[in-house]
Amino acid sequence: MKRIQYSKYGGPELMRVDDFELTAPGSGEVAVRVKFAAINPIDWKLRGGQMKIVTGRTFPRAMGMDFSGIVTAVGSGVTRLKTGDAVFGLTRFKESGALGQAVVTKEAFLAKKPDNISFEDAACLGTPGVTAWNGLIDKAKLQVGQHVFVNGCAGAVGEAAVQIARLFGATISGSCSARNVERARSLGVQTVYDYRTTDLSTITTRFDVVYDTAATMTVSAGLALLRQGGVFLDVNPGIGKFVRAIFDRRLKPVIGAPRPEILEKLAGFAREGTFRIPIGETVSLNAAVQLITELEGGRKLGGKGLVAME
């Protein structure tokens, strides 16, 4: 088997497509032959060592969180999935490994792929959908009729947040680049601000939920946009923000935490045609290192970077 891995924490030059031996799935685990994997910013953040307090110092380390594929083996205690099932979902945060020909992950991090959804589209749903759900539903307890502001509403997590907020009956405003304004409106964003020309501090509307999916807002800027009882969701938490959140309940740091019920909800929305993350470019595994390097350097695709394993 081949996958992208690295031998120490650091820059993109450390990534290699190397051989590895897939372990047998343990209790509650599932082995999957990967068909497609989606690239996320968390992939290079982990490789850069930003979360090494969690990921540890054992090398080589694999890369990649989101994927789709076919179950090839199941461990003891697995009840929802069986060999041959088409699935999508996420790897375990600590081990990663989606950017490879096969991976072992928790059964709880997977859901069956809807028959009417392609493996390509299914591979893109995991991290964006789970992160959006964790923030809006788990943290903010979004209610029908509330007003949500999504900073970065044309990014993958932003688009996921817009679609989920719409499905839960919220009114949505947001910010993105000028070239994505019409797309944002087509997704259901009623008022769209060009982040390059709009100073968010000049917005006079106040919101029940502000979700900084772009990770570019300061906490003070986010809190200033809230109406009384509102919640600011921050996808770029650090120790300082977690401490601050203890004393200021308006601040809610968000860390992606997949659960079967979330993934099954996303699968249902995708089946119904109400939830989709666009694909920007698809490359082979051998070309993936170059694409990841370009995305890390700031290249914009207008959709997810996708890696085909076959």
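Preceding this paragraph is the structure being described.
Just so it is clear, the model here is predicted, and its values are computed rather than measured.

Attention now moves to a nonpolar patch on the surface. On the surface, a cluster of nonpolar side chains totalling about 490 Å² of accessible area is made up of Ile239, Val243, Ile246 and Phe247. For Val243, the position within the fold is in helix H8 (residues 239-247).

Quick look at the packing of aromatic side chains now. Counted by the stated rule, this structure contains six aromatic pairs. Relative to Phe168, the ring of Trp133 has its centre 5.5 Å away and its plane inclined at 80°; by these criteria the two rings are edge-to-face. Note that Trp133 is positioned in helix H4 (residues 126-139) and Phe168 in the loop between helix H5 (156-167) and strand E10 (171-176), a separation of 35 residues in sequence. For Trp133, a relative accessible area of 7% puts it in the buried group. Seen from their ring centres, Phe149 and Phe207 are 5.2 Å apart, and the 45° between their planes marks the pair as tilted. Here the residue Phe149 occupies a position in strand E9 (residues 147-151), and Phe207 occupies one in strand E12 (residues 207-212), the gap between them amounting to 58 residues. You'll find Phe149 and Phe207 in the same group, each marked buried. Here a set of aromatic residues connected by ring pairs shows up, and it is made of Tyr6, Tyr9 and Phe59. The ring centre of Phe119 lies 5.1 Å from the NZ or CZ of Lys35, which sits over that ring.

Strand order in the open sheet made by the six strands is E11-E10-E9-E12-E13-E14, with parallel pairing throughout. Strands with a single pairing partner mark the edges of an open sheet, and in this sheet they are strand E11 (191-194) and strand E14 (251-253). Within this sheet the neighbouring strands show an average axis-to-axis angle of 15°, counted without direction. Pairing between E9 and E12: four bridges, direction parallel. The residue bridging Phe149 from the neighbouring strand is Val210, located in E12.

The next thing to look at is the nonpolar core. Ranked by size, the top nonpolar core spans 50 residues in total, and within it Leu136, Leu142, Ile164, Leu233 and Phe275 carry the most contacts. Here the element with the most residues in this core is helix H9 (residues 260-272); it accounts for six residues. Setting aside anything within four residues of it in sequence, one finds Leu142 in contact with Leu136, Ile137, Val148, Ala165, Phe168, Ala170 and Val209. Listed in part, the 31 residues of the second largest apolar core include Ile4, Val34, Trp44 and Val307.

With antiparallel pairing, three strands are arranged side by side in an open sheet as E2-E1-E4. The open sheet has two free edges, formed respectively by strand E2 (16-19) and strand E4 (61-62), since each of these has just one partner strand. On top of the sheet, helix H10 (residues 285-296) reaches strand E1 (2-6) and E2; it is set at about 30° to E1, its chief contact.

What follows covers the packing of H4 against H9. In the contact formed by H4 and H9, the axes pass within 10 Å of each other and the chain directions differ by 110°. It follows from the interaxial angle that H4 and H9 lie roughly perpendicular. Side by side, H4 and H9 meet where Gly129, Val130, Trp133, Asn134 and Asp138 of the first sit next to Ile262, Leu263, Lys265, Leu266 and Phe269 of the second. Split by residue class, the contact of H4 with H9 holds six nonpolar, two polar and two charged.

Criteria and cut-off values
- Residues numbered from 1 in each chain as written.
- Predicted model: local features only at pLDDT ≥ 70, side-chain atom pairs only at ≥ 80, totals over all residues.
- Heavy atoms only, no water.
- Patch = residues over 30% accessible without salt bridge, like charges linked within 9 Å, V, L, I, M, F, W, Y side chains within 5 Å.
- Areas by Shrake-Rupley, 256 points an atom, 1.4 Å probe, with all protein chains shown as cover.
- Salt bridge = Lys/Arg side-chain N within 4 Å of Asp/Glu carboxyl O.
- Helix = DSSP H or I, 4+ residues; strand = E, 2+ residues; numbered from the N terminus.
- Phe/Tyr/Trp six-rings, centres within 6.5 Å; stacked < 30°, edge-to-face > 60°.
- Buried < 20%, exposed > 50% of the residue type's maximum accessible area, 1.4 Å probe, protein only.
- Lys NZ or Arg CZ within 6 Å of the ring centre and 35° of its normal.
- Pairing = 2+ DSSP bridges.
- Axes fitted to C-alpha atoms, helices over the stretch in contact; angles between N-to-C directions.
- Core = buried A, V, L, I, M, F, W, Y, C linked by side-chain atoms within 4.5 Å.
- Contact = heavy atoms within 4.5 Å.
- Parallel < 35°, antiparallel > 145°, perpendicular 65-115°, else oblique.
- Nonpolar A, V, L, I, M, F, W, Y, C, P; charged D, E, K, R; others polar.

So far we have only geometry, and geometry alone does not tell us how the molecule works.
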